[in-house]
Amino acid sequence: MGRDGDKPLLLLIGSSSRRSREFILRSVSRRYALWLLQPAPVTWEEPYVVGGTEVDNTRPELLVEAARQVAAEHEVTGVFCYDEGLVTPAAHVAEALGLPGNSAETVAACRDKNATRTALERAGVAQPVSIGVRSMDEARRAADKIGFPVVLKPRGLAGGMGVRRADGPGEVESAYRAATGVSYPGVPVFEVSVLVEEYVDGPEISVDAVFFEGEGTPLAVARKQVGFAPFFEETGHEVDAADPLLSDPRLLEALRASHAALGFHTGVSHTEFRLTADGPRLMEVNARLGGDMIPYLGELATGVDIAMAAADVAAGRRPETTPTRRRAAAITFLYPERDTEIESVTVHEDRFPAGIHGADPMADPGAVLRLPPRGYISRYARVIALADSMERARAALQKAPEIVELAGRPVAEPPR
């Protein structure tokens, strides 16, 4: 692997899942040379990177040392990271090398939902009442104090993992066990590990926004579909270039105030809200690109390359944020009806109706998919629609179960 011409060099901290993140590297590598730092050797990333260093990238001190070695031999322009478990170590690298980015303290405050709540409360940003707890007894007391229904969630995770609603005292124990029974690589385990929060009703949305020199610009609003109640598994997203929320004054002010309170001034963030009768209530701020292909949907709908915007600000370059098209994109994820061992997942492209942009398997033969609370994000396929209106995109996605064929066998519940 050699240096890619005269492209500016970004240190890429982790590559994550090929299925869900390859579109990022395919885009960003057109403008930037990427040097990958991760524990494993370069494999699927090879067409998109110019070099790699094998290092435990969850440990900031080792990662900084490896980054310094790369910087001693090459001119490094920035640090690029989109992996939830690695954004804090990546921030340490940017700080150590004097490169653009937010402080490690700011990124850690976004990763730590309790720290986020504290900062936003001081700034007066509308959000749910939240109490951090470290035991079942504390969770029960917190729920009684807030009043039912409540939501229990892990303090440091994302994507709806381990998040469960409790409608009464009898459901707190199972919700607490769900919140403490999941983990994610690179995410710290806190002593006060669970948040008990006021349940806020209303549609769920996320905003992927880019911040450059402290000024934020929303690039995509994704309206979220959830399932598997009382859990909050994300089963799909809709991104419409004509969404009025992109210019909604209350939403834009909440976005600005929350990021100012956290000290987030450089990069792309993924912020989640509930839309209530009293206005938007902020649920969480993530110091990274959105998951679930949301940046890809945003580019399909608006023409704005959100992944490239994230790379540009990492390199200290003003991002391109002007929409060039006005379409509607949506994604739905397909789940088995029960816990299943996968035998095959087959995409039938000959069955695509008008409006289907693509479909992809998300599970390999032999994989065991377990539904909440035994497993999360247990999807066997995704289907993306692109149309001139969201109504047409939704209509196309109604055919998703016919497009992708699942063969598998039921598996027993794991022993408790």
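Residues take numbers from 1 onward in each chain, read along the sequence in its written order. The predicted origin of the model limits local features to residues at a pLDDT of at least 70 and limits the giving and counting of side-chain atom pairs to 80 or more, whereas totals for whole chains, interfaces and linings rest on all residues. Values shown for side chains rest on all heavy atoms present in the structure; no hydrogens or waters enter the calculation.

Caption draft 1: Molecular detail of the sheet that holds strand β10 (residues 215–227). One requirement defines pairing of two strands: DSSP has to find at least two bridges between them. Per the convention used, a helix needs a DSSP run of H or I reaching at least four residues, while a strand needs a run of E reaching at least two, with both numbered from the N terminus. The sheet built from eight strands is open, its strands ordered β13-β12-β9-β10-β11-β14-β18-β16 with antiparallel pairing. Of all the strands in the sheet, just β13 (279–286) and β16 (356–361) have a single pairing partner and so form its edges. Recorded for the sheet is a direction-independent mean angle of 25° between the axes of neighbouring strands. Where strand β11 (residues 233–240) and strand β14 (residues 328–334) come together, five bridges link them in antiparallel fashion. Across the sheet, Gly-236 pairs through a bridge with Thr-332, a residue of β14. Note on geometry: axes are lines fitted to C-alpha atoms, helical ones only across the stretch in contact, with angles between N-to-C directions running from 0 to 180 degrees.

Caption draft 2: Region of the structure containing unusual backbone geometry. For the peptide bond that leads from Phe-148 to Pro-149, omega is 0°, which places it in the cis range. Looking at the secondary structure, you find Pro-149 in the loop between α6 (136–146) and β6 (150–154). The residue Phe-228 is not glycine, and still its phi comes out positive at about 60°. Its place among the elements puts Phe-228 in the loop between β10 and β11.

Caption draft 3: Region of interest: the packing of helix α5 (residues 113–123) against helix α8 (residues 249–262). At a minimum axis distance of 9 Å, the contact between α5 and α8 shows a crossing angle of 115°. The handedness of the crossing between α5 and α8 is right-handed. Between α5 and α8, the contacting residues are Thr-116, Ala-119, Leu-120 and Ala-123 on the first element and Ser-258, Ala-261 and Leu-262 on the second. Three categories are distinguished: nonpolar for Ala, Val, Leu, Ile, Met, Phe, Trp, Tyr, Cys and Pro, charged for Asp, Glu, Lys and Arg, and polar for the others, with Gly belonging to the last. Classifying every residue of the contact of α5 with α8 by side-chain character gives five nonpolar, two polar and no charged. Should the near helix be turned anticlockwise from the far one by less than a right angle, the crossing is left-handed, and should it be turned clockwise, the crossing is right-handed. Residues count as neighbours in contact if any of their non-hydrogen atoms are within 4.5 Å of one another.

Caption draft 4: Just the packing of helix α1 (residues 18–28) against helix α10 (residues 306–314), in detail. For the pair α1 and α10, interaxial distance at closest approach is 9 Å and the crossing angle is 60°. Relative to α10, α1 is oriented oblique. In the crossing of α1 with α10, the sense of the turn from one axis to the other is right-handed. On the side of α1, the interface is formed by Ile-24, Ser-27 and Val-28, while α10 contributes Ala-307, Met-308 and Ala-311. Looking at the contact of α1 with α10 residue by residue, the class counts come to five nonpolar, one polar and no charged. Throughout this description, any angle smaller than 35 degrees is read as roughly parallel, any larger than 145 degrees as roughly antiparallel, any in the 65 to 115 degree range as roughly perpendicular, and the remainder as oblique.

In short, the description is geometric, and any link to function would need to be established separately.
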